[in-house]
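Take a look at the letters that make up each chain.
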Amino acid sequence: MIENMRKDRKQQHIDEYMKSTHKNSTLLEDVFIEHNALPELDFDEIDTRINFLGKGIDYPLMINAITGGTEFSREINRNLSKIAKSFNIPMAVGSQTIALRDEESHSSFSIVREIMGKDGVVLSNLNAHATIEDVKLAMEIIDADGIQLHLNPAQELAMQEGDRHFKGILKNIENIVKVSPKPVIVKEVGFGISKDVAKRLYDIGVSYIDISGKGGTNFIEIEDRRNDDVDFTDMYAWGIPTALSLIQCRQVGDKLNLIASGGIEKSTDIAKALCLGADMVAISGTLLRVLLEDGYDKAYKYMDDLTYKLKMIMLLTGSKNVEELKKVPYRVQGQLRDLLQELG
Ligand SMILES: Cc1cc2nc3c(=O)[nH]c(=O)nc-3n(C[C@H](O)[C@H](O)[C@H](O)COP(=O)(O)O)c2cc1C
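A. Structural view of the overall build of the chain. When helices and strands are counted, the chain shows 15 helices and 12 strands. Against the globule reference of 20 Å for 344 residues, the chain gives a C-alpha radius of gyration of 19 Å, in line with a compact fold. In terms of principal-axis extent, the alpha carbons of the chain reach across some 65 × 45 × 40 Å. Classification of the 344 residues of the chain by burial places 45% in the buried group. Across the chain, the fraction of contacts at a sequence separation of at least 24, relative to all contacts at a separation of at least 6, is 76%.

Next up, the structure:
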């Protein structure tokens, strides 16, 4: 019964995401990186490869958590994992809560591992309330290289049937990090992680944070579209823009591994996020939209263009590899500069 409700919700999230229209800014447009007309590099020399969770991948880009649990989401995961495999980039499955109690749904998640093979990087996903047993089972189902634990209080509160209990989550994450056999990534779902939250997570042993900031997928709007009871339109601008969240979280320290997501659409977004301190960049909504509206070939082409233009920007900033791109100086202007000055 509850599993059927969860399956319906998963489907509705995709349907309502596809209908959502509100656009917030990531503030990445307030970031300026300088053009280098004399890079002294050949295009073929540009090396986008990095190591992530102990495996070699071809780009500092991953497909972030979206779905699983239904026949339709199995098809989405099949297509997304074919793309992830082709570009040798990591992929996270959507929340596996359904799979913990419904064995039938396992294949909609495990198809990702099947397609990506043992060399691919595949991540589990659960709510940060999860028990250690849940974490282990979720990872076992897809032979995961790590697990994402999501923090989504804004989404839950906009959801009529959503959770209203948010106490004890930090302690729960601490306990999971201590015993988890694989790395734990704590992530938002599109409202951003503040410097204070990043510091509290870092202090209890979390070494991977996906900031998932404002500027892309908006779960207040998505839940609002499912919720006839309350009108949440005045809350659509809630959250920390991706660029601001990223710069602030990087101030916590160089040892923290940061994944930048939330509104990543263009190659300039990826390059700027890396300059601002991200170790990895993640995309969900935009890729899902291209896949569902235009089909697999167009989604593949979108990723092909994205990666070509990332290489182009690397050459145009004189960056032979990702480490060099991360060191390219940046300037901030406009609202991003104002907010950074205010926050100190
Ligand atoms: C349809 C849809 C379903 C999602 N489901 C999950 C989920 O199950 N677990 C999770 O951690 N994040 C989920 N997300 C959030 C994404 O992983 C990501 O954090 C967020 O969408 C911001 O990135 P974007 O702007 O590139 O979409 C979902 C996103 C979309 C579009």
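Structure shown, so let's carry the discussion forward.
B. Region of the structure containing the site of the ligand. As a structural note, the neighbourhood of the ligand is formed by 27 residues, with Ser95, His150, Gly216, Thr217 and Gly285 the closest of them. Those elements that provide at least two residues to the shell around the ligand are α1 (2-19), β7 (146-150) and α12 (285-294). Partitioned by chemical class, the residues of the shell around the ligand number 8 nonpolar, 18 polar and 1 charged.

C. Focus on the confidence of the model for the chain. Overall, the prediction assigns the chain a mean pLDDT of 97, with 100% of residues at 70 or greater. When mean pLDDT is taken per element in the chain, strand β9 (residues 208-210) scores highest with 99 and α1 scores lowest with 89.

D. Here's a closer look at the pairing of strand β8 (residues 184-187). The alternating pattern of β8 places Val184 and Val186 on one face and Ile185 and Lys187 on the opposite face, and all of these are buried. Taken together, the 4 bridges between β7 and β8 define a ladder with parallel strand orientation. Across the sheet, residue Gln148 finds its bridge partner in β8, namely Ile185. Across 3 bridges, β8 lies against β9 in parallel orientation. Across the sheet, Ile185 pairs through a bridge with Tyr208, a residue of β9.

E. Fine view of unusual backbone geometry. Non-glycine residue Glu40 carries a positive phi angle of around 55°. Checked against the element boundaries, Glu40 lands in the loop between β1 (31-33) and β2 (50-52). Among the residues examined, Glu40 registers 8 C-beta atoms within 10 Å and is labelled exposed. The phi dihedral of Ser212 falls on the positive side, at around 30°, and the residue is not glycine. Owing to 34 C-beta atoms within 10 Å, Ser212 belongs among the buried residues under this scheme.

F. Local environment of helix α9 (residues 219-226). Judged by how many residues are buried, α9 sits mostly within the fold: 6 of 8 residues are covered. Taken together, the buried positions of α9 are Phe219, Ile220, Glu221, Ile222, Glu223 and Asp224. Packed against the buried residues of α9 are α1 and α6 (153-158).

G. Broad picture of the packing of α12 against helix α13 (residues 296-316). Axis separation between α12 and α13 bottoms out at 7 Å; the angle between their running directions is 145°. On α13, the residues that touch Leu287, Val290, Leu291 and Asp294 of α12 are Tyr296, Lys298, Ala299 and Tyr302. Here the contact of α12 with α13 is composed, by residue class, of 6 nonpolar, no polar and 2 charged.

H. Region of the structure containing the nonpolar core. Residues Ile209, Leu246, Ala278 and Val281 are the most contacted members of the largest nonpolar core, which totals 95 residues. Take this core: its biggest share by element is 6 residues, from α13. When sequence neighbours within four positions are dropped, the list of residues in contact with Val281 reads Pro60, Leu61, Ala260, Ser261, Ile264, Ile270, Ala273 and Leu274.

I. Focus on helix α2 (residues 71-86). Spanning 16 residues, α2 covers 23 Å between terminal C-alpha atoms, matching the ideal 22 Å at 1.5 Å per step. For α2, the full list of buried residues reads Ser73, Ile76, Asn77, Leu80, Ser81, Ile83 and Ala84. Each buried residue of α2 sits inside an arc of 155° when the element is viewed along its axis, so together they form one side. Turned more than 90 degrees off the buried face of α2, the exposed positions are Glu71 and Ser86. Elements that come into contact with the buried residues of α2 comprise α1, β4 (61-63), β5 (91-92), α4 (106-116) and α13. One or two positions beyond α2, positive phi appears at Asn88, with a value near 45°.

Conventions adopted
- Residues numbered from 1 in each chain as written.
- Predicted model: local features only at pLDDT ≥ 70, side-chain atom pairs only at ≥ 80, totals over all residues.
- Helix = DSSP H or I, 4+ residues; strand = E, 2+ residues; numbered from the N terminus.
- Rg over C-alpha atoms; globule rule 2.2 N^0.38 Å.
- Buried ≥ 20, exposed ≤ 12 C-beta atoms within 10 Å, placed from the backbone.
- Contact = placed C-beta atoms within 7 Å.
- Near = placed C-beta within 6 Å.
- Nonpolar A, V, L, I, M, F, W, Y, C, P; charged D, E, K, R; others polar.
- pLDDT = per-residue confidence, 0-100.
- Pairing = 2+ DSSP bridges.
- Axes fitted to C-alpha atoms, helices over the stretch in contact; angles between N-to-C directions.
- Core = buried A, V, L, I, M, F, W, Y, C linked by C-beta atoms within 7 Å.
- Expected span 1.5 Å × (residues − 1).
- Arc of directions from axis to C-beta.

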